[in-house]
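Okay, here's what each chain looks like letter by letter:
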Amino acid sequence: MKLYEYSAYELSEMLRAKKISSRELTESVLCRAEEVDGKVNAYIYTDREMSLKMADRADHLIASGKAASRLAGIPVGIKDNISTKGIPTTCASKMLENYVPVFNATVMDKLADAGCVISGKLNMDEFAMGSSTENSYFKTTRNPFDNDCVPGGSSGGSAAAVACGEAVIALGSDTGGSIRQPASLCGVVGLKPTYGSVSRYGLVAFASSLDQIGVFGRCVRDAALLQDEIQGHDSMDATSAHRSYPSLYDGLNDDISGLKIGIPSEYYERGVKPGVTEAVMRSVKELEKRGAKVIPISLPSTKYALSAYYIIACAEASSNLARFDGVKYGYRAKDCDGLIDMYERTRSEGFGREVKRRIMLGTFVLSSGYFDAYYKKAKLLQKRIQQEFDDAFNSVDVIVTPTSPSEAFKIGERVLDPLAMYAADICTVTVNIAGLPAVSVPCGYSESGLPYGMQIIGRKFDEQTILNAALAHECSFGGFRKPAI
Amino acid sequence: MDIDIRHIAKLSRLRISDDELAGYEKEMSDIIAMVEAMPDIEDELTVDPDNAMTLRSDETVSEKIPRDEILKNAPKVVAGCVVVPKTVE
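Residues numbered from 1 in each chain as written. Chains lettered and ligands numbered in written order. Predicted model: local features only at pLDDT ≥ 70, side-chain atom pairs only at ≥ 80, totals over all residues.

J.: How would you summarise the overall build of chain A if you had to cite specific residues and measurements?
T.: From N to C terminus, chain A includes 15 helices and 11 strands. Taking 485 residues into account, the globule formula puts the C-alpha radius of gyration at 23 Å, and chain A, at 21 Å, falls close to it. With respect to the three principal axes, the spread of C-alpha positions in chain A is 65 × 55 × 45 Å. The buried share of chain A, reckoned over its 485 residues, is 62%. Expressed as a percentage of contacts within chain A between residues at least 6 apart in sequence, the contacts between residues at least 24 apart total 76%. (Helix = DSSP H or I, 4+ residues; strand = E, 2+ residues; numbered from the N terminus. Rg over C-alpha atoms; globule rule 2.2 N^0.38 Å. Buried ≥ 20, exposed ≤ 12 C-beta atoms within 10 Å, placed from the backbone. Contact = placed C-beta atoms within 7 Å.)

Here is the structure:
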């Protein structure tokens, strides 16, 4: 077994016992990336020298006994909308093609303090808008299980890199399913934490009230390890939650006897493929065998969630992306005839089609005469959806649904039909609307060998319970299956 | 519903070419048709008292990023200033 194939928690022990060095591990991961990234296209940016320098620093920390973190020396892939000081951060957009941040996101400072190694910056849909990574300005990431299929999105680079060993673990961001859906399509574990539990400082904003940085791993333990490192209050983020954040890794326990699992019928109806439903229900049965109790529940407003989501997200995006005007940083159109001409041409040339459409949709729903009909209605629906989850969690501990209504679809299949593309998020957007934590775990495979994912949703700040349920599932299901790449 | 894409694009500081217009009109109309199915809810928007934001107090910035470093990302710089097209004749 090669080093890049091990889980982060195993590698952590090997590093601390000095059986391997971070340099050896980093070399192994970078070589793997060189070997397969021509097929997968997961990375936008790598810098071998930079990564090895970080590895040497980690080895020094470990050798001198100063490495306090379990992740010291472990290579982590970073979604390219997370600000990395001195390292290009493009958001997969022409608008930021040459942008090099002068500051680190809080999560990057935390990873640096822990002694982690950055393996590179990972591809995504432009400004995190999309569900397939086809909206990247640079390239389309391919699913490691079938190179003709999408890896999901928007964090498709993160999911694909972890699945095929180009990164041990990775950071992503999730506004409507952008961690969980690609995790599902690439057969890895993806955790979207509670809104407010991970600082958003330095995450390039798409929809600030829904955006959340989260983690990818090939197993539940790895996701817990990385989440432990990045969670916590940050004074640089006004929405960051003041509370204690005990170690999720230390709290992992696969004993789920007495756990009450809610099954909402609405998530097993519209457009969900029978194979997905069967795989999820088979997994639920296994959890029952381990002592969990299954309770049918109803979340009736689910059918309106996609509409509410796209209104709120696009409204916030239209405001957040107003900053890209060609003045202080980023792309600027050439030979402009005045300031307005510069703004309009810069934005029209710098943004891709999906981003422009979402900015216009957001502008429309906030424009004079339409606010009450769209934005206000969507915000009231958000309140109702939150209430329905609150009520459900009075009688259950976790809620289990499919993560994605289908397995990975073909590249190009949905590009021209935004509604078909948006439907990929139908099972995940409610979690962002309600600010809840949820984890996606692999739970089965289609006839052609493409992964299915199961989503486990929890109460606010109760990541521990969903990860414990995910661990119990992983013990029954057998965990990560390598793609044949 | 008819959406005046040109007007919305102008508000968004975007320019839509004639070739793109029909495509955007169709896609935006489809999306608006989907979101119009949202029900009317008799309620008012309120601030959630359980999740009020805790804002930090104002403080003097102690860690400064050098001007030159910040300006490295600017598209056009002259004498330490960002340059934009002339706005006043």
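J.: Could you give me a rundown of the overall build of chain B, with the residues and numbers involved?
T.: Helices and strands together make up the secondary structure of chain B, namely 3 helices and 2 strands. In terms of overall dimensions, chain B is more spread out than a globule: its C-alpha atoms have a radius of gyration of 23 Å, far above the 12 Å expected for 89 residues. The principal-axis extents of the C-alpha atoms in chain B amount to approximately 55 × 50 × 25 Å. Looking at the 89 residues of chain B, the share that counts as buried comes to 15%.

J.: Account for the confidence of the model for chain B, with residues named and values stated.
T.: Overall, the prediction assigns chain B a mean pLDDT of 88, with 92% of residues at 70 or greater. In the model output, the complex is listed with pTM 0.97 alongside ipTM 0.92. (pLDDT = per-residue confidence, 0-100.)

J.: Before we move on, can you summarise the pairing of strand β11 (residues 451-458) of chain A with the specific residues and values?
T.: All names here are of chain A. Summarising burial for β11: 8 of the 8 residues are buried, a large majority. Here β11 shows a buried face lined by P451, G453, Q455 and I457 and a second buried face lined by Y452, M454, I456 and G458. Where strand β10 (residues 438-445) lies against β11, 7 bridges are found, and the strand directions are antiparallel. Residue pairing across strands places A438 opposite I457, the latter belonging to β11. Taken together, β10 and the strand that follows it, β11, pair antiparallel across an intervening segment of 5 residues, in which G449 is found at a positive phi of about 85 degrees. (Pairing = 2+ DSSP bridges.)

J.: So what's going on with the sheet that holds strand β4 (residues 169-173) of chain A? Residues and values would help.
T.: All names here are of chain A. Pairing is mixed across the open sheet formed by 11 strands, whose spatial order is β1-β3-β2-β4-β6-β5-β10-β11-β9-β7-β8. Strand pairing shows two members of the sheet lacking a second neighbour, β1 (43-45) and β8 (293-297), which therefore form its edges. Within this sheet the neighbouring strands show an average axis-to-axis angle of 30 degrees, counted without direction. Here helix α2 (residues 22-40) sits on the sheet and contacts β1, β2 (75-79) and β3 (117-122); the angle it forms with β3, its principal contact strand, is near 20 degrees. (Axes fitted to C-alpha atoms, helices over the stretch in contact; angles between N-to-C directions.)

J.: For the interface of chain A and chain B, give the residues involved together with the corresponding values.
T.: In this complex, chain A contributes 47 residues to the contact, which on the side of chain B involves 35 residues. Breaking the side of chain A that touches chain B down by element, the ones donating at least two residues are α9 (305-320), α10 (339-350), α11 (353-366), α12 (372-392) and α13 (418-422) of chain A. At 9 residues, the largest contribution of residues to the side of chain A that touches chain B is made by α12 of chain A. For the side of chain A that touches chain B, the residue count by class is 25 nonpolar, 10 polar and 12 charged. (Nonpolar A, V, L, I, M, F, W, Y, C, P; charged D, E, K, R; others polar.)

J.: Describe the nonpolar core, listing the residues and the values that go with them.
T.: Residue and element names in this part refer to chain A. The biggest cluster of nonpolar side chains holds 166 residues, and the ones touching the most others in it are V76, I169, V189 and I311. For this core, the element with the highest residue contribution is α9, accounting for 11 residues. Setting aside residues up to four positions removed in sequence, V189 forms contacts with A183, F216, G217, R218, C219, V220, A223, V439, S440, V441 and A470. (Core = buried A, V, L, I, M, F, W, Y, C linked by C-beta atoms within 7 Å.)

J.: How would you summarise unusual backbone geometry if you had to cite specific residues and measurements?
T.: Residue and element names in this part refer to chain A. Between G153 and S154 the backbone carries a cis peptide bond, its omega angle lying at 15 degrees. On the secondary structure map, S154 appears in the loop between β3 and α5 (156-163). Despite not being glycine, T133 shows a phi value in the positive range, around 65 degrees. Note on T133: 34 C-beta atoms within 10 Å, which makes it buried.

J.: So, the packing of α2 of chain A against helix α3 (residues 48-63) of chain A: which residues are in play, and what are the values?
T.: Residue and element names in this part refer to chain A. Between α2 and α3, the least distance of the axes is 8 Å, while the angle of their chain directions is 155 degrees. With respect to α3, the element α2 is oriented roughly antiparallel. At the point where α2 passes α3, the crossing takes the right-handed sense. Seen from α2, the contacting residues are S22, R23, T26 and L30; seen from α3, they are R48, S51, L52, A55, D56, A58 and D59. Of the residues that constitute the contact of α2 with α3, the class distribution is 4 nonpolar, 3 polar and 4 charged. (Parallel < 35°, antiparallel > 145°, perpendicular 65-115°, else oblique. Left-handed = near helix turned anticlockwise from the far one by under 90°.)

J.: Tell me about the environment of L226 of chain A, residues and numbers included.
T.: Residues and elements named next belong to chain A. Looking at the secondary structure, you find L226 in helix α7 (residues 220-230). With 30 C-beta atoms counted inside 10 Å, the residue L226 sits in the buried group. Once residues lying within four places of it in the same chain are set aside, the contact partners of L226 are L71, I169, V215 and G217.

J.: I'd like to hear about the pairing of β8 of chain A, residue by residue, with values.
T.: For a regular strand, side chains alternate in direction, first toward one face of the sheet and then toward the other. Pairing analysis gives 5 bridges linking strand β7 (residues 260-264) of chain A to β8 of chain A, with the strands arranged parallel. Looking at β8 of chain A, one finds that G262 of chain A is bridged to I295 of chain A.

J.: Lay out the packing of α11 of chain A against helix α2 (residues 18-35) of chain B in plain terms, naming residues and giving numbers.
T.: The N-to-C vectors of α11 of chain A and α2 of chain B enclose an angle of 55 degrees; their axes lie 11 Å apart at closest approach. On the basis of the axis angle, α11 of chain A is oblique to α2 of chain B. Between α11 of chain A and α2 of chain B lies a crossing whose hand is right-handed. Two secondary-structure elements touch here, α11 of chain A through R357, M360 and L361 of chain A and α2 of chain B through Y24, E27, M28 and I31 of chain B. Across the contact of α11 of chain A with α2 of chain B, the residue classes break down as 5 nonpolar, no polar and 2 charged.

J.: Can you explain α9 of chain A? Please cite residues and give values.
T.: Counted at 1.5 Å a residue, the expected span for α9 of chain A with its 16 residues is 22 Å, and the 22 Å between its end C-alpha atoms agrees. A large share of α9 of chain A lies buried, amounting to 14 of its 16 residues. (Expected span 1.5 Å × (residues − 1).)

J.: Kindly report on the environment of S154 of chain A, identifying the contributing residues and their values.
T.: Residue and element names in this part refer to chain A. Classification of S154 by C-beta neighbours within 10 Å gives buried; the count is 34. Between the C-alpha atoms of S154 and S136, which are 18 residues apart in sequence, the distance is 9.1 Å. Ignoring any residue separated from it by four or fewer positions in sequence, one finds S154 in contact with M124, D125, A128, M129, G130, T133 and S178.

J.: Give me the environment of T175 of chain A: which residues, what numbers.
T.: All names here are of chain A. The topology assignment puts T175 in the loop between β4 and α6 (180-186). The class of T175 is buried, set by 29 C-beta atoms lying within 10 Å. Once the C-alpha coordinates of T175 and S208 are considered, the two residues, 33 residues apart in sequence, prove to be 8.5 Å apart. Residues contacting T175, with those up to four places away along its chain left out, are A128, F206, A207, L210, D211, A313 and N432.

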